[in-house]
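Residues per chain are reported as follows:
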Amino acid sequence: MKYSALTILFCVILISGCASNTTPNAKDQNMHPSLLDELQRIKTVVIIPPIVDIRFLTLTGEDEDLVSDENQIINYIKTTTRSHLEKAGYGIVEYNFDAAKSNDTNFTYTITKVYQDFYRVKSDLQAKRRIPQLNTNSMPIYVSEAIHDITHKVGADAILISRFSGYKKSVAYVAKEAGAVFTQNLLTTNRHRRKASTANGAIIDIALLDGHTGELLWTNSRVDFLSKSLADKALSTLPQSVYSDSAHIN
């Protein structure tokens, strides 16, 4: 799934011009139409281990996984997700996913199925132009029955999933792209001139899913330069728990 995620990232950045030219605070989020009512059921959340893919792109095509960078991003997403959930007033259910996966191979597939179903739903929402509009849905969005299997096993009311895909380009890769853009711009009008792409970029998707109904409660995406701060930006619109002292919807 690494290459498919990277392809999606390139498409998003190409559509928006390039990562450096997108609005840093631009949101791509969607909320359940009756979120306040739905949150009455949600007291506890379990954090699914984030999926992080970061590739180093070279001219030879011998791209590689930046494992050290991936591990840093994974650890940061775990920490900041916990912090944001606690500040929002949710109880966090601790669960050893690594142990559960090693004891039950089907559990690994269950988690994968949730991600697959989420991206299917997200693609459908984007096709219908229901993102980034907020609170405009007339119907709840059902994601996956696999969510029930996770929350039943874990004992949480909801799950939070996240995926981070990014890239870094070699110096030669960037130079070749810049040369190609320069040459093309010499042959085109100002109206059709391209801007050079950035040396790095990333996209993050985060979603809160109802463990009782399997519905999408909230989701947010951010596209920008490759930075762990994307996680904080995406989580900045996380809805407050109705059981917190300062309950409100962002």
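Residues numbered from 1 in each chain as written. Predicted model: local features only at pLDDT ≥ 70, side-chain atom pairs only at ≥ 80, totals over all residues. Heavy atoms only, no water.

### Structural notes on the overall build of the protein
Each helix and strand counted, the protein has eight helices and eight strands in total. Here the protein, with 250 residues, has 44% of them falling under the buried criterion. Long-range contacts, defined here as pairs at least 24 residues apart, represent 77% of the contacts in the protein between residues at least 6 apart. For the protein, the computed accessible surface area is about 12700 Å², with 53% contributed by carbon and sulfur atoms. (Helix = DSSP H or I, 4+ residues; strand = E, 2+ residues; numbered from the N terminus. Buried < 20%, exposed > 50% of the residue type's maximum accessible area, 1.4 Å probe, protein only. Contact = heavy atoms within 4.5 Å. Areas by Shrake-Rupley, 256 points an atom, 1.4 Å probe, with all protein chains shown as cover.)

### Observations concerning the pattern of salt bridges
Tallied over the full model, the rule gives 11 salt bridges. The closest approach of N and O atoms between Glu86 and Arg82, which form a salt bridge, is 3.7 Å. Separated by four residues within a single helix, Glu86 and Arg82 lie in helix α3 (residues 67-87), roughly one turn from each other. For Arg82, a relative accessible area of 29% puts it in the partly exposed group. (Salt bridge = Lys/Arg side-chain N within 4 Å of Asp/Glu carboxyl O.)

### Focus: the layout of surface pockets
It is the rolling of a water-molecule-sized probe over the atoms that shows where space remains empty. Computed from the structure, the second largest pocket encloses a volume of approximately 530 Å³. Along its surface, the second largest pocket is lined by 23 residues, and Ile48, Pro49, Pro50, Lys78 and Phe97 are the ones closest to its centre. Considering each element in turn, the lining of the second largest pocket owes the most residues, four residues, to helix α5 (residues 105-127). Tallied by class, the residues present in the lining of the second largest pocket amount to 14 nonpolar, three polar and six charged. (1 Å grid on protein atoms, 1.4 Å probe; cavity = no way out; pocket = protein on both sides within 12 Å on 5 of 7 lines; lining within 4 Å. Points joined across faces, edges and corners; volume = space filled by probe spheres on them. Nonpolar A, V, L, I, M, F, W, Y, C, P; charged D, E, K, R; others polar.)

### Side note on the nonpolar core
Counting 29 residues, the largest nonpolar core has Val45, Tyr90, Phe164, Ile204 and Leu208 as its most contacted members. If we skip the residues at most four places from it in the chain, Val45 touches Leu85, Tyr90, Gly91, Ile92, Val93, Ala156, Ala158, Ile159, Leu160 and Leu208. The next biggest cluster of nonpolar side chains, apart from the first, holds 24 residues, and it includes Ile48, Phe97, Ile141 and Leu216. (Core = buried A, V, L, I, M, F, W, Y, C linked by side-chain atoms within 4.5 Å.)

### Looking at the side chain of Thr151
As for its position among the elements, Thr151 is in helix α6 (residues 146-154). Exposure remark for Thr151: the relative accessible area of 8% places this residue in the buried category. Beyond its immediate sequence surroundings of up to four residues, Thr151 is in contact with Ala156, Asp157, Ala158, Ile159 and Gly211.

### Here we look at the packing of aromatic side chains
Here the structure, examined in full by the defined rule, presents four aromatic pairs. Note on Tyr95 and Phe97: the rings are 5.0 Å apart at their centroids and 75° apart in plane angle, and the pair reads as edge-to-face. Accessibility expressed as a relative area gives 28% for Tyr95, which makes it partly exposed. With centroids separated by 5.1 Å and ring planes inclined at 75°, the aromatic side chains of Phe118 and Tyr119 adopt a geometry described as edge-to-face. Taking relative accessible area as the criterion, Phe118 reaches 3% and is therefore assigned buried. Feature note: the residues Tyr95, Phe97 and Phe107 constitute an aromatic cluster, connected by ring pairs. The side chain of Lys43 reaches across the aromatic face of Tyr243, ending 5.0 Å from its centre. (Phe/Tyr/Trp six-rings, centres within 6.5 Å; stacked < 30°, edge-to-face > 60°. Lys NZ or Arg CZ within 6 Å of the ring centre and 35° of its normal.)

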